[in-house]
Amino acid sequence: GSVSISSSSISGNSAFNSGGGIYNSGSLSISSSSISGNSANRGGGIYNRFGTLSINSSTISSNSAANNGGGLYNYGGSLSISSSTISSNSATQGAGIAFTRGTVTLDSSSGNVVINDGIVKTGSSYAGTLNLTTGSGTISLNAPITSFV
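Rules of the game
Residues numbered from 1 in each chain as written. Predicted model: local features only at pLDDT ≥ 70, side-chain atom pairs only at ≥ 80, totals over all residues. Heavy atoms only, no water. Pairing = 2+ DSSP bridges. Helix = DSSP H or I, 4+ residues; strand = E, 2+ residues; numbered from the N terminus. Axes fitted to C-alpha atoms, helices over the stretch in contact; angles between N-to-C directions. Buried < 20%, exposed > 50% of the residue type's maximum accessible area, 1.4 Å probe, protein only. Core = buried A, V, L, I, M, F, W, Y, C linked by side-chain atoms within 4.5 Å. Phe/Tyr/Trp six-rings, centres within 6.5 Å; stacked < 30°, edge-to-face > 60°.

Chemist: Describe the sheet that holds strand E10 (residues 64–68), and please don't skip the residues or the numbers.
Modeler: Here we have 3 strands laid out as an open sheet, ordered E6-E10-E14, and parallel in their pairing. One side of each edge strand has no neighbouring strand; the edge strands of this open sheet are strand E6 (39–40) and strand E14 (90–93). Of the pairings in the sheet, the one linking E6 to E10 comprises 2 bridges and is parallel in character. Along E10, the bridge assignment pairs Ala40 with Ala65.

Chemist: Let's hear about the sheet that holds strand E19 (residues 129–133): which residues, and what values?
Modeler: Spatially, the 6 strands line up as an open sheet ordered E1-E4-E8-E12-E16-E19, and their pairing is parallel. Each edge of the open sheet is held by one strand with a lone partner, namely strand E1 (2–6) and E19. Looking at each pair of strands side by side, their axes are set apart by 10° on average, direction ignored. Alignment of strand E12 (residues 78–82) against strand E16 (residues 103–107), held across 5 bridges, turns out to be parallel. Considered in E16, the bridge of Ile81 is made with Leu106.

Chemist: Quick one: what's the story with the pairing of strand E18 (residues 119–122), residue by residue and with numbers?
Modeler: Of the two faces of E18, the one lined by Ile119 and Lys121 and the one lined by Val120 and Thr122 are each fully buried. Two elements, strand E15 (residues 97–100) and E18, share 3 bridges in a ladder whose sense is parallel. Paired with Phe99 across the strands is Lys121, a residue of E18.

Chemist: Before we move on, can you summarise the nonpolar core with the specific residues and values?
Modeler: Residues Ile46, Ile55, Leu72, Ile81 and Ile97 are the most contacted members of the largest nonpolar core, which totals 21 residues. When residues of this core are traced back to their parent elements, those giving at least two are strand E4 (27–31), strand E8 (52–56), E12, E15, E16 and strand E17 (113–115). The next biggest cluster of nonpolar side chains, apart from the first, holds 5 residues, and it includes Tyr47, Tyr73, Ala98 and Val120.

Chemist: For the packing of aromatic side chains, give the residues involved together with the corresponding values.
Modeler: If you walk through the whole model with that rule in mind, you get 4 aromatic pairs. Measuring from centroid to centroid gives 6.4 Å for Tyr73 and Tyr75, while their planes differ by 80°, and the two rings are edge-to-face. Residue class for Tyr73 comes out buried when judged on its relative accessible area of 5%. Through successive ring pairs, a cluster of aromatic residues spans Tyr23, Tyr47, Phe50, Tyr73 and Tyr75.

As structure tokens, this is what we get:
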């Protein structure tokens, strides 16, 4: 099934392993929301495992992960981010976004996408794709895009 989160705040949560704020393995749409102050081993704010995740007009900030993906971790899923900001997150790898397998799309066709914390692709033996779709807004990557094996 599909779940939609709109005009909401998800904050102050923790998980031992994955998805401090949200763990998704289905179809999830997040709009006009804030994901902040959450923590986990992977995916402090959001962990998307083989799911479909769409984030629009939202802020992902001040989340932390002991390993990968302070803001969010996409493992084998489809992640699309538009008109959103990812900032002030922390992790050993990929403070903003970490991904293994799957596809990450940053889409500025309807507004600005700001990533202040960096993006990392993990796992050299797994395919993974980062797409940048430009439009009327801008995509600001204010930290490096890296790949770890």
